[in-house]
Structure formats: C-alpha cells, structure tokens
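Geometric and topological summary
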Amino acid sequence: MRFGGFQALTLSDYPGKTAAVVFTQGCNFRCPFCHNGGLLPAVADDRNLVPEAFVLEELRRRRGLLDGLVVTGGEPTLQEALPAFLGKVRALGLLVKLDTNGSRPEMLARLLGTGLVDYVAMDVKAPRGKYDLLAGVRAPLDAVRESIRLIAASGAPHHFRTTLPSALLDAQDIETIRRELPAASPHLVQEFKPEHALDPAVCGAALTA
Ligand code: SF4
C-alpha cells in the first residue's frame, strides 16, 4: 500500500471508537474544497510515504488502546492491495472504518462481501447536476450511485457526508442530495473550512478573505 500519512489517535473520526488513522496516497477526484492536496497524486516521493510495515507495527503496539483503524485518503479503494492490508489489520483484532468517495463500487463490494470493513463513510459531493463541479473531475456518477446502493444494502453501520462550500452548494442542493439517498441512511453535512483548500477561489473563500 502507498500511505501518505499516519495519525496515532483520533477520538472523532470513528463514531464511538478510539482509532488510529492512515491516509492513503492518490485520489481520482480533485474536489476544490479538499484539505489533503498532498495526498492527491498517485505517485509521491518515496521519502514522503509511510511504509506499511511501520503502520502495522504502530497498530500492533497500540492495539490495547485502540478499537480500530480509520482508512482514509486520498481514495483508499484505488489501491488493489487494500483487501490484503485490511486482512492484516483484522488479524490484529482491530475494527476498520473506511472513508471513500464511492468511485470504485467493485472494490467496495469486495470489501463488504468479505467483511473486511465494519463502518463505511462515503462522501456525496453534490446533487447529480453539480457533481463534476464539486468533484473537480468528470464524475463517475453511475459508480457513485452503485456505491450508495451497496453501502445502504450491506447492513454495515455507515453514513453519507457532504461538505458545504456555501458558494457552490445551497440548502436546496442539500435537500436534493437527501432525496437521492436511501431514507434510512444517515446524512451529515460538514462545514467547509477554507484554510488549506485545494482551490479556495472556486469555493468562494477568496470572496470573503
Ligand atoms: S476531498 Fe475529494 S480530492 Fe480530496 S481526497 Fe476526498 S475525494 Fe479526493
């Protein structure tokens, strides 16, 4: 696995659990509000990567203190080695929460089908008509829709999440997103923070700076 960062402890990223966080390197989206610009290139200088062996050793040392691991990014499902890595995390007795942009439903189906994830949080960037703008790329809408379906049908604890740059999305858009999601699935809206955003001008931060 290519990892761009590791955080030894979070009390807020895995609902109700203490967890470590690992950040995968590489993402296929370019959301203008992204705070993890350094994680977006698939290929990064090896000196900036965190070796998988280091991550596993840190988890092994802390497993008495941790309930689980949050795997975020970047986009974790882009890496074919993800199931094997999660198997090693599982062997340490840790729960796994996966954060995803929903662009790889085939990987998601594999992970859910083999019980390698215990909790899924998926970003839903926008209503369909605005997805390209909020994802910063031509968005794979069919894949996103299939991922939503898979997650909701899996029975696994999950939530969907939308970041709200108010220059790009309004209350009507949030309502539209909610209507497009399964009624029983939690949907969280998180405030956009302009600091370190990938493209603050697109997000409107420049207008208020
Ligand atoms: S916010 Fe967007 S660009 Fe940033 S890691 Fe998530 S999906 Fe990728």
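Below, the structure is looked at part by part. (Residues numbered from 1 in each chain as written. Predicted model: local features only at pLDDT ≥ 70, side-chain atom pairs only at ≥ 80, totals over all residues. Heavy atoms only, no water.)

1. Describing the packing of helix H1 (residues 52-62) against helix H2 (residues 82-91)
Taken N-terminus to C-terminus, the directions of H1 and H2 make an angle of 20 degrees; their axes are 10 Å apart at the nearest point. Here H1 is positioned roughly parallel relative to H2, judged by the angle of their axes. Classified by chirality, the crossing of H2 by H1 is right-handed. For the pair formed by H1 and H2, the contact residues are Glu52, Val55, Leu56 and Leu59 on the first element and Phe85, Lys88 and Val89 on the second. (Axes fitted to C-alpha atoms, helices over the stretch in contact; angles between N-to-C directions. Helix = DSSP H or I, 4+ residues; strand = E, 2+ residues; numbered from the N terminus. Parallel < 35°, antiparallel > 145°, perpendicular 65-115°, else oblique. Left-handed = near helix turned anticlockwise from the far one by under 90°. Contact = heavy atoms within 4.5 Å.)

2. Details of the site of the ligand
What surrounds the ligand is the set Cys27, Phe29, Arg30, Cys31, Cys34, Leu40, Gly74, Asn101 and Lys125. Given that more than half its atoms are within 2 Å of the pocket grid, the ligand belongs to the largest pocket. For the shell around the ligand, the residue count by class is five nonpolar, two polar and two charged. (Near = heavy atom within 4 Å. 1 Å grid on protein atoms, 1.4 Å probe; cavity = no way out; pocket = protein on both sides within 12 Å on 5 of 7 lines; lining within 4 Å. Sits in = over half its atoms within 2 Å of the grid points. Nonpolar A, V, L, I, M, F, W, Y, C, P; charged D, E, K, R; others polar.)

3. A short note on the environment of alanine 143
Assignment of secondary structure puts alanine 143 in helix H5 (residues 141-154). By relative accessible area, alanine 143 is classed as buried at 15%. Among residues more than four places away in sequence, those in contact with alanine 143 are Gly102, Ser103 and Pro105. (Buried < 20%, exposed > 50% of the residue type's maximum accessible area, 1.4 Å probe, protein only.)

4. Description of the environment of glutamate 80
Inspection of the secondary structure assignment puts glutamate 80 in the loop between strand S3 (68-72) and H2. Each C-alpha atom, one on glutamate 80 and one on valine 189, is 30 Å from the other, the two residues being 109 residues apart in sequence. Excluding anything up to four places from it in sequence, glutamate 80 contacts Arg104, Met107 and Arg110.

5. Digging into the nonpolar core
As a rule of thumb, soluble globular proteins bury nonpolar side chains together. Counting 53 residues, the largest nonpolar core has Leu59, Phe85 and Leu86 as its most contacted members. Not counting the four nearest positions on each side in its chain, leucine 86 is found in contact with Val71, Val96, Leu111, Leu116 and Val117. (Core = buried A, V, L, I, M, F, W, Y, C linked by side-chain atoms within 4.5 Å.)

6. Side note on the pairing of strand S2 (residues 19-24)
Side chains on a regular strand alternate between the two faces of the sheet. Across the six residues that make up S2, a large majority, six, are buried. Burial along S2 is two-sided: the residues Ala19, Val21 and Phe23 and Ala20, Val22 and Thr24 are all buried. Where strand S1 (residues 3-10) lies against S2, five bridges are found, and the strand directions are antiparallel. Residue pairing across strands places glycine 5 opposite phenylalanine 23, the latter belonging to S2. Both S2 and S3 contribute to a ladder of five bridges, which runs parallel. The residue bridging valine 21 from the neighbouring strand is valine 70, located in S3. Once the chain exits S2 it traverses H1 before rejoining the sheet at S3, and the crossover so formed is right-handed. (Pairing = 2+ DSSP bridges. Right-handed = clockwise from strand over helix to strand, strands pointing away.)

7. Considering the sheet that holds strand S7 (residues 187-191)
Spatial strand order, S1-S2-S3-S4-S5-S6-S7: seven strands in an open sheet with mixed pairing. The sheet is open, and its two edges are formed by S1 and S7, each paired on a single side. Put simply, the sheet's adjacent strands are angled 20 degrees from each other on average, direction ignored. Packing of H2 onto the sheet brings it into contact with S1, S2, S3 and strand S4 (95-100), and relative to S3 it is tilted by some 160 degrees.

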